[in-house]
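Per-entry structural report
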Amino acid sequence: MTYLPSPQRYQDMTYRRCGNSGLMLPALSLGLWHNFGHIDSLENARAMLRLAFDKGITHFDLANNYGPPPGSAEEVFGRIYKDDFQRYRDELVISTKAGWPMWEGPYGNWGSRKYLVASLDQSLKRMGLDYVDIYYHHRPDPHTPLEETMTALDHIVRQGKALYVGISSYQPAETAKAVDLLKQLGTPCLIHQPRYSMFDRWVEDGLLDVLEQKGVGCIPFSSLEQGLLTNKYLKGIPTDSRAATHRGNGAIEEGQITEEKVDKAIRLNEVAARRGQNLAQMALSWVLKDPRITSVILGVSKPQQITDSLQCLQNLQFTEQELTEIRAILSGKRSVEGV
C-alpha cells in the first residue's frame, strides 16, 4: 500500500537552526544505529521510519557500519526509502558517516582520503541516493594528518556527494582545528555529533563552548544511554532488551548496567514523575534545555518509543531546584544539601 505521510507532520515539531548555517533540524532526529539491520524486522523498521516522518522528524542518521551486519542498516533504509520516501527526498535530511572498521585491509578504517571517498560511494549505492545531506568523519584518526581528512570532506562536497560535512567524537582542541581547516577550505563544518547524556557529560568540559564560538551545531547520541536512562532497567534486565540479546556493534551489555547507575536512574525517575514526565522524557529534555544543542538522536526499537519520546518537547524548562536535585543525584550524593 502506498505510504502517504501525515499532512500535519510539520505542525507540532520544533525545528532548531544548526549553528550559523541555513539548515534547520528537528529537535529529535531518528538514529538507525541499532534495530535496522538484517537481523531485525523490516516491517518494524518501516513502521518506525514512517511514524517518525509523520511526526515531523525529517532527519535520519546512519553510518556505514550500522547493522548488524555492517552496511545492512543502509541497505534496509535504502529499500524503505525507495518504497516510501523517494518522492519526499527534498523534505529529508539524510546523514551517514565513516571512520570505524568497515572492510578488510588497510583502506577500510580511520580517516584517510581513500577510505572516506570510497566509503561514501558504497553508502550511496546501498541507500540508492545521489547524495547525502550530511557526511561525517565518525571519529578522530591519530595516524592520518587532520588536513588530509578535512580536505577529503571538502572534496566530497565539491563532488556533489554531500551538501554538508560534520565530525563526531572529536575532543575540543581537535574540533577547533578541524573547524578552522574546513573554513579555510571553503566548506564550513556544519555539526558535531558527540555522545552526551546525564551519565556522560564530557562535552561540558569545553566542547560545547568551542561549538558555540565557532558557530557549529551539536547533535548528541546515546542521550538515553541505550535504555539506562529509561524505565527499562529499573527492575532488572528484560530478556528482549539490547543488554540481554548481545547485539554487538557497540550495543549496551549486561555488565554496563551497574547497581550504582540503576540507583541513580530510580532517583532520577522520581524527579521526572514530579515534572509530569517519565525518565526517558526528562533525560531528553535535560539535554535539549541547552540552546547549543541542535537536535538529539533517538535510538528506538519500536514505534511507540518515538511517540513517547516526543512528549519531552512539551516540557524543556527546569527549575533551579530540579537542576540542583539532578546534579546531586548524578554526583552520587544522597541529599541535595550543600549543592
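Heads up: these notes are all about the structure in this document. It should be emphasised that the depicted structure is a prediction, and the values quoted were computed from it without experimental measurement.

1. Here's the deal with the overall build of the protein chain
Of regular secondary structure, the protein chain possesses 11 helices and 10 strands. The C-alpha radius of gyration of the protein chain comes to 20 Å, within 12% of the 20 Å expected for a compact globule of 339 residues. Within the span of the protein chain, comprising 339 residues, buried residues form 57% of the whole. Residue pairs at least 24 apart in sequence account for 76% of intrachain contacts in the protein chain once pairs closer than 6 positions are excluded. With the model as given, the accessible surface of the protein chain reaches about 14,700 Å², and the carbon-plus-sulfur share is 49%. Between the centroid of the 38 positive side chains of the protein chain and the centroid of its 40 negative side chains there is a distance of 2 Å.

2. What about the pattern of salt bridges?
Side chains that differ in charge, positive against negative, can pair when their charged atoms come close. Using the criterion set out here, one finds 21 salt bridges in the structure. The salt bridge partner of Arg-292 is Glu-212, with a shortest N-O separation of 3.9 Å. With Arg-292 in the loop between α9 (279–288) and β10 (296–298) and Glu-212 in helix α6 (residues 207–214), this pair connects stretches of sequence that are 80 residues apart. Between Arg-275 and Glu-322 there is a salt bridge, with the nearest N and O atoms lying 2.9 Å from each other. With Arg-275 in the loop between α8 (259–274) and α9 and Glu-322 in helix α11 (residues 320–331), this residue pair connects regions lying 47 residues apart in the sequence. Comparing Arg-275 with Glu-322, the two get one shared label, buried. Taken together, the shared-partner salt bridges in this structure form one network comprising Glu-43, Arg-46, Arg-50, Asp-83 and Asp-84.

3. Details of unusual backbone geometry
Cis rather than trans, the peptide bond between Gly-67 and Pro-68 has omega equal to 0 degrees. Assignment of secondary structure puts Pro-68 in the loop between β4 (59–61) and α2 (72–85). Here the bond from Pro-68 into Pro-69 is cis, since omega is -10 degrees, no more than 30 degrees from zero. In this fold, Pro-69 is placed in the loop between β4 and α2. Look at Ser-169: it is not a glycine, yet its phi comes out positive at around 65 degrees. Inspection of the secondary structure assignment puts Ser-169 in the loop between β7 (162–168) and α5 (172–185). In the Ramachandran plot, Gln-226 falls in the positive-phi region, its phi being about 55 degrees despite a non-glycine side chain.

Rules of the game
- Just so you know, the residues in each chain are numbered from 1, in the order the chain's sequence is written.
- Given that this is a predicted model, residues contribute local features only at a pLDDT of at least 70 and side-chain atom pairs are listed and counted only at 80 or more, while totals for whole chains, interfaces and linings are drawn from all residues.
- The basis for the side-chain values is all heavy atoms of the structure; hydrogens and waters are excluded.
- Only DSSP runs of H or I covering at least 4 residues are called helices, and only runs of E covering at least 2 are called strands; the numbering of each starts at the N terminus.
- Our radius of gyration looks at C-alpha atoms and nothing else; its globule reference is 2.2 Å times the residue count to the power 0.38.
- A 1.4 Å probe rolled over the protein chains alone gives each residue an accessible area, and that area as a share of the maximum for its type sets the label: buried under 20%, exposed over 50%, partly exposed in between.
- We call two residues in contact when some of their heavy atoms are within 4.5 Å.
- The Shrake-Rupley method, run with a 1.4 Å probe, gives the accessible areas here. Residue values count only the displayed protein chains as cover.
- In this tally, Asp and Glu contribute negative charge and Lys and Arg positive charge; neither His nor the terminal groups of the chain are included.
- Where a charge lies is defined by one atom per residue type, namely NZ (Lys), CZ (Arg), CG (Asp) and CD (Glu).
- Salt bridge, as used here, is a side-chain nitrogen of Lys or Arg placed within 4 Å of a carboxyl oxygen of Asp or Glu.

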